[in-house]
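Listed below are the residues making up each chain.
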Amino acid sequence: MAITKRHSLRIAAVGVVSAASVVLAGTVASAATPTAAVSAARPTVAKAGITAKPSVTSVKAWQLFRVTGTATGLKAGSKMVLQQKQGAKWVSLPAVTPLGSKGTYSLGVKLGLKGKNDLRIVNGSTASPVFNVTVR
């Protein structure tokens with residue numbers, strides 16, 4: 001059998017494709033193993049959460065009261081911001097306190113908007129459940 005130039009090119013092409021397949025299969029297999037090992041070795045991150053409790057449920061206008069609570073999954077020193085629902089929007093009030101090293105905070109608040117006030121504490125996209133304080 002005479003080996004032609006065309007036959008030689010076919011053999012070379014098949015050899016290159018075969019070698020590339022073996023190399024890629026080995027790369028994919030070795031890449032899959034470390035990823036699984038790395039994800040298994042990562043510690044699970046606790047979901048951030050905030051609790052909030054007012055010291056009173058009813059106050060006179062501009063009377064001082066406290067909002068206390070805890071936060072999990074947030075760094076100490078993070079800003080805890082009081083928000084008030086005004087219409088359909090949540091508005092940040094100028095009442096901010098840092099999160100303590102033990103994950104607790106305490107915030108002094110004075111409200112002047114009479115009636116039932118829906119409030120919450122936020123840090124970034126994490127928010128506490130809504131609580132109410134009535135100003136009379």
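Everything below is about the structure shown above.
Thresholds applied
- Residues numbered from 1 in each chain as written.
- Predicted model: local features only at pLDDT ≥ 70, side-chain atom pairs only at ≥ 80, totals over all residues.
- Heavy atoms only, no water.
- Helix = DSSP H or I, 4+ residues; strand = E, 2+ residues; numbered from the N terminus.
- Buried < 20%, exposed > 50% of the residue type's maximum accessible area, 1.4 Å probe, protein only.
- Contact = heavy atoms within 4.5 Å.
- Pairing = 2+ DSSP bridges.
- Core = buried A, V, L, I, M, F, W, Y, C linked by side-chain atoms within 4.5 Å.

**Q** Any chance you could break down the side chain of Ser-78 for me, citing the residues and the numbers?
**A** Structurally, Ser-78 is set in the loop between strand S4 (64-72) and strand S5 (79-86). A relative accessible area of 15% means that Ser-78 is categorised as buried. Sequence-distant contacts of Ser-78, defined by excluding residues within four places in its chain, comprise Thr-97, Pro-98, Leu-99 and Asn-123.

**Q** Tell me about the pairing of strand S6 (residues 89-98), residues and numbers included.
**A** As paired elements, S5 and S6 share 7 bridges and run antiparallel to each other. Bridged to Met-80 within S6 is Thr-97. If you look at the hairpin formed by S5 and S6, you'll find 2 residues sitting between the two strands, and Gly-87 has a positive phi there, around 75 degrees.

**Q** Could you give an account of the nonpolar core, naming the residues involved and the relevant values?
**A** Membership of the largest hydrophobic core comes to 19 residues, with the highest contact counts inside it found for Phe-65, Leu-82 and Ile-121. Counting only elements with at least two residues in this core, the list comes to S4, S5, S6, strand S7 (104-110), strand S8 (115-123) and strand S10 (131-135). In this view, Ile-121 contacts Ile-50, Ala-52, Val-67, Met-80, Val-81, Leu-82, Tyr-105, Leu-107, Thr-126, Ala-127, Ser-128 and Phe-131; residues no more than four positions away in its chain are not counted.

**Q** Give me the lowdown on the environment of Phe-131, citing residues and values where you can.
**A** Within the secondary structure, Phe-131 is located in strand S10. With 80 residues separating them in the primary sequence, Phe-131 and Thr-51 have C-alpha atoms 10.0 Å apart. Beyond its immediate sequence surroundings of up to four residues, Phe-131 is in contact with Ala-52, Pro-54, Val-67, Leu-82, Asn-117, Asp-118, Leu-119, Arg-120 and Ile-121.

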